Amino acid sequence: MSTMTSPRPGHPADAATSTDLAIDIQDLHKRFGATRALDGLTLAVPTGQVHGLLGPNGAGKSTTIRVLLGLLKADSGRIRLLGGDPWAQAPELHRRLAYVPGDVSLWPNLTGGEAIDLLGRARGGLDRARRDELLDRFELDPRKKGRSYSKGNRQKVALVAALASDVELLVLDEPTSGLDPLMERVFTDYIRAERTSGRTVLLSSHILSEVETLCDHVSIIRAGRVVESGTLTQLRHLTRTQVTVDLAVPVPAQLTTLPGVHDAQVEGHRLTCQVDDTALSAVLARFAEIGIRSLVSTPPTLEELFLRHYEPEEAAS
Amino acid sequence: MTTTAREGHDGGGAHEARGPRTPRSLRTGPGIRSADGTHHTHRAPRAASTTTGATQHARLAARTSRWFWLVWILALASLMPATLSAYRTTVPEGPQGEAMAAALGVNTTMRAMLGPPYDLLDPGGFAMWRVGTFVAAAAAMMAALGVLRATRADEEVGRTELLRAGPIGRHAPLAGALLVAFGACALLGAIIAVSLAALAPPVGSALAAGLGIALTGAVWAAVGAVAAQLSESTRTCRGVALGSLAAAYLLRALADGVPDSSALSALQWVSPVEWAALARPYADERWWVLALPALLTAALVALAFRLESVRDHGSGLRAARPGPAHGSARLASAGGLVARLTRGSVIAWSVGLVTFSVVIGSLAGTIDTMLGDNPQLSAMFRRMGSGAPELEEAFVVAMLEIVAVLAAIFALSLLLRLRGEEEAGRTELMLSTATSRTRYALAHLVPALMLPTVLLLACGALVSLPSVLAGGDAGTIATCAGSALVLSPGVWVVVGFAMLVLGLRPRLLWLPWALVAWTLFVAWVGGLLRLPDALMKATPFAQLPHVPAEAFAWGPVLLLTALAALLLGAGLAGFRRRDIG
Ligand SMILES: Nc1ncnc2c1ncn2[C@@H]1O[C@H](COP(=O)(O)OP(=O)(O)O)[C@@H](O)[C@H]1O
Ligand SMILES: [Mg+2]
């Protein structure tokens, strides 16, 4: 198993055959006039995985999802969705998935309940009891007209319609961007339940904590291509731990130049630095030799991961 | 810093900055500085009225809607001078003209459509009768729509909220919108008065006509202001305002249509759209009548302000009624959705076209007596009616073409929802279900083809109804229905063209609109203007046989049907192939 599928084109060299993949995109290109929205994007989501598509605004998340749904035609690339061709077989494949767009627009004259039933039935039916339970959990009044819902409530309508359908794959484009923290919790609970029941979820987000709490596997997308992909553990492996240590003696100068130590700052006995996770044992061993009075280490967050990929000068190095 | 966080922060910062940086001109005025130099700003709100900021709002409303007002005012201002310039063609000098005017004046249908005739032998009096009440009603429509777009429409999408958060009075947006609408009505009235004074003196009469029209507009500006308070939905508010206008117009049609001796004719005083005519411009003016619209406007404006004080921002007078919690069984597919969404407009179009057809039908029976002695007008109608020798026949043929163009507009409005839904992002939602693109497009396309065709057939039959009821040959029902049906390939070509554009170049969707606008123009005034033949023939209906003036022929009917099918097929193929969104 490869740990990282860094921007290397081609298929991840693992055992998974394409039939085990709910989503399999290779070298996808899509441009809008002069804008290169997708520039050689490669993405594989095995069945049963909760996969996060993480990237800043304009990275190409929504475009990827729209191509995947057969709404946009790819300029080039190979795309398989649930074993089929999303462009040619859209209606059949869509019976097996549910989609929540990033910006949900509802029919002004239909009530939320009507919109949920319409979308559910057009998808091939929805679970009445589950629908009612979801409405209850999301505290959504289904009798209001579409025009009177706030952004968050419109999103809830689409979420209820999606979660109440019995489908294999959920495609969610920034699903929590309008939800308040309480509702985000409800949403998180449902996605966790989906994961245990083996559904595949593709979730786009620019919110790191959301991906962190929900996803098994993350692909970081930037300027139309996936720049990093792996499990959270695998991605963390590449990050640095923030270490603050108080030593028994004033900090020796050679400590700051140890391999794997970055951004060292010295204040008498105290050293603050970042340590590559791969070099952590060696560095801590040196500290221990000198004598540690106190040590604080902060685990890496996806935030830092994100920074390394989006800060231009960092990315260049 | 991540990109995301940075953007989020900047967004917040910009938003915060907007509050304190309110333009100076929008503030309530300088705080009151007392002798000791302290700033008693807390007194400012009390000194400010609820309409503070109205003039700024008026400026904003005028600027954002300048094209709306400009187009309306110019279009309406041109009607009276245009009618005057054609006066001598319609009513010739001498006894022939007198007979003609007399015949027009007693024609019930004409009176019901246009208003009470007072002095048709005076050019100004004739113009006032022929288009005066119509212009007044249209000015009313302009004013009501203008007020609604600057009030409820902005409020519904949340634009007003941002402004209301600034230091402006509660009624400022409403007062500003009314100021603009009143100004527009005054401008329209002034242009009409000046142009009439030049073309049809005396000046006093011209002034009465202009003032009457302006004041009718003002009444519905105020009606629009009241309507804007009623519902949180702009559509509903617009329906209330325009519905009241339609009701007033129908009421006066009834009052003018009955004989003068009837008690019902007094109802004309109840309808505000009639007041401009009742002031009798060019026929011994009754100036005091113009006080009625002025008073009603004042009362309605007061009511609108009162209602705005008792409701919450963003909502109507009554809380929105909750709708059904579950979709009906029919709401299960794109077809069910389209049927549900177009229900209201299908009913409205059907009622409108059916009414139009019945009115035309009842006019057709009287056209010989009205125009038979007027060679110029008869010739014009024959030109419009594909050269039918019988005047009545020519009239029916000319009017059926207009019905067909209206049916094409109806068809276009049904089909173009497909684009509206796409732009709103709801097509994406529906196509993410098991709905195929073809099914989704057909859900819009099939009603756009079927409903106007059925309606056209029904209208054709209805045109002949009055003459059949009056004892005519029942066979004309079939003839007229057939004549109308023969025009339906023209409607299909319009739909096909729109589908082609929608499937291949949706940005160019103004093209099918331009086509129907041109067709309507040709059908309505082409005969009058003696346009070159090539231009007259550049419509989807020109090649079709205009039965009974022309003999029926399969050739053009099949050709246009095939063309429509081709366009539809190409458009559909384009829609299946292109990006959605
Ligand atoms: N329909 C479109 N027309 C033109 N440009 C588009 C269109 N859709 C997306 N783009 C551009 O493609 C890029 C990717 O957009 P998108 O996929 O929406 O990003 P994300 O969802 O990650 O925020 C952006 O630069 C965006 O401006
Ligand atoms: Mg997006």
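Numbers given to residues run from 1 along each chain, matching the order in which its sequence is written. The order in which chains are written sets their letters, starting at A; the order in which ligands are written sets their numbers, starting at 1. Reporting of local features is limited, given that this is a predicted model, to residues whose pLDDT is at least 70; pairs of side-chain atoms are given and counted only at 80 or more, and all residues count toward the totals for whole chains, interfaces and linings. With hydrogens and water stripped out, all remaining heavy atoms of the structure feed into the side-chain values.

Caption draft 1: Just the interface of chain B and chain A, in detail. Two residues qualify as a contact provided that any one of their heavy atoms is within 4.5 Å of a heavy atom in the partner residue. Residue-level contacts link 42 residues of chain B with 44 residues of chain A. Of the roughly 3,800 Å² buried between chain B and chain A on both sides combined, carbon and sulfur atoms contribute 56%. We define buried area as the total accessible area lost by two parts upon association, computed with a 1.4 Å probe and summed across both. Considering only the side of chain B, the residues that lose the most area to chain A are Glu-428, Leu-429 and Ala-434 of chain B, jointly responsible for 16% of the buried surface there. Salt bridge, as used here: a side-chain nitrogen of Lys or Arg that lies within 4 Å of a carboxyl oxygen of Asp or Glu. At the boundary of chain B and chain A, one finds four salt bridges. With its nearest N and O atoms 2.6 Å apart, the salt bridge here joins Lys-30 of chain A to Asp-579 of chain B. Nitrogen and oxygen atoms within 3.5 Å of one another constitute a polar contact, given that in protein one can donate a hydrogen and the other can accept it, and given that sequence-neighbouring residues count only through two side-chain atoms. At the surface where chain B touches chain A, the tally comes to 26 residue pairs in polar contact (both at pLDDT 80 or more).

Caption draft 2: Focus on the sheet that holds strand β13 (residues 292-298) of chain A. All names here are of chain A. With antiparallel pairing, the four strands of this open sheet are ordered in space as β11-β12-β10-β13. This sheet does not close on itself; its edge strands, each paired only once, are β11 (261-267) and β13. Pairs of neighbouring strands in the sheet enclose a mean axial angle of 15°, with direction left out of account. Each pair of strands is called paired provided DSSP finds at least two bridges between the two strands. Starting at the N terminus, helices and strands are each numbered in turn, a helix being any DSSP run of H or I of at least four residues and a strand any DSSP run of E of at least two. In terms of strand pairing, strand β10 (residues 240-247) meets β13 through six bridges, oriented antiparallel. Its bridge partner being in β13, Gln-242 is matched across the sheet by Thr-298. Docked against the sheet, helix α9 (residues 280-290) engages β10, β11, β12 (270-276) and β13, running at close to 5° with respect to β10. Helix axes are fitted to C-alpha atoms over the stretch in contact, other axes to C-alpha atoms as well, and angles between N-to-C directions run from 0 to 180 degrees.

Caption draft 3: Region of interest: the packing of helix α4 (residues 128-137) of chain A against helix α6 (residues 181-196) of chain A. Residues and elements named next belong to chain A. For the pair α4 and α6, the least separation of the axes is 10 Å and the interaxial angle reads 145°. Judged by residue contacts, Arg-130, Glu-133, Leu-134 and Arg-137 of α4 engage Met-183, Val-186, Asp-189, Tyr-190 and Glu-194 from α6. We call Asp, Glu, Lys and Arg charged. Ala, Val, Leu, Ile, Met, Phe, Trp, Tyr, Cys and Pro are nonpolar, and the rest, Gly among them, are polar. Looking at the contact of α4 with α6, its residues break down into four nonpolar, no polar and five charged.

Caption draft 4: Spatial organisation of the confidence of the model for chain A. All names here are of chain A. Of the residues in chain A, 87% have a pLDDT of 70 or more, and the chain-wide mean is 86. Each residue carries a pLDDT score, the predictor's confidence in it, ranging from 0 to 100. Low pLDDT, under 50, characterises residues 1-18; the stretch is placed with 24 contacts to residues that sit more than four places away or in other chains. Below a pLDDT of 50 lies the segment residues 313-317, which in the model reaches four contacts outside its immediate sequence neighbourhood of four places, other chains included.

Caption draft 5: Just the nonpolar core, in detail. Among the buried residues, those of types Ala, Val, Leu, Ile, Met, Phe, Trp, Tyr and Cys that are joined through side-chain atoms within 4.5 Å form a nonpolar core. Only protein chains enter the area calculation, which uses a 1.4 Å probe; residues under 20% of their type maximum are buried, those over 50% are exposed, and those in between are partly exposed. In this structure, Trp-107 and Phe-138 of chain A are the most contacted members of the largest nonpolar core, which totals 157 residues. Broken down by element, the residue count for this core peaks at 19 residues, all from helix α19 (residues 391-415) of chain B. Not counting residues within four places of it along the chain, the set of residues in contact with Trp-107 of chain A comprises Ala-115, Leu-118, Leu-119 and Gly-146 of chain A together with Leu-337, Leu-341, Glu-421, Arg-426, Leu-429 and Met-430 of chain B. Listed in part, the 63 residues of the second largest apolar core include Ala-150, Ile-213, Val-223 and Val-273 of chain B.

Caption draft 6: Structural view of the environment of Leu-341 of chain B. By the secondary structure assignment, Leu-341 of chain B is in helix α16 (residues 334-364). Looking at Leu-341 of chain B, the relative accessible area reads 19%, which means it is buried. Each C-alpha atom of the pair Leu-341 of chain B and Leu-414 of chain B lies 9.9 Å from the other, and the pair is 73 residues apart in sequence. Those residues in contact with Leu-341 of chain B, other than ones at most four positions away along the chain, are Trp-107 and Leu-110 of chain A together with Arg-417 and Glu-421 of chain B.

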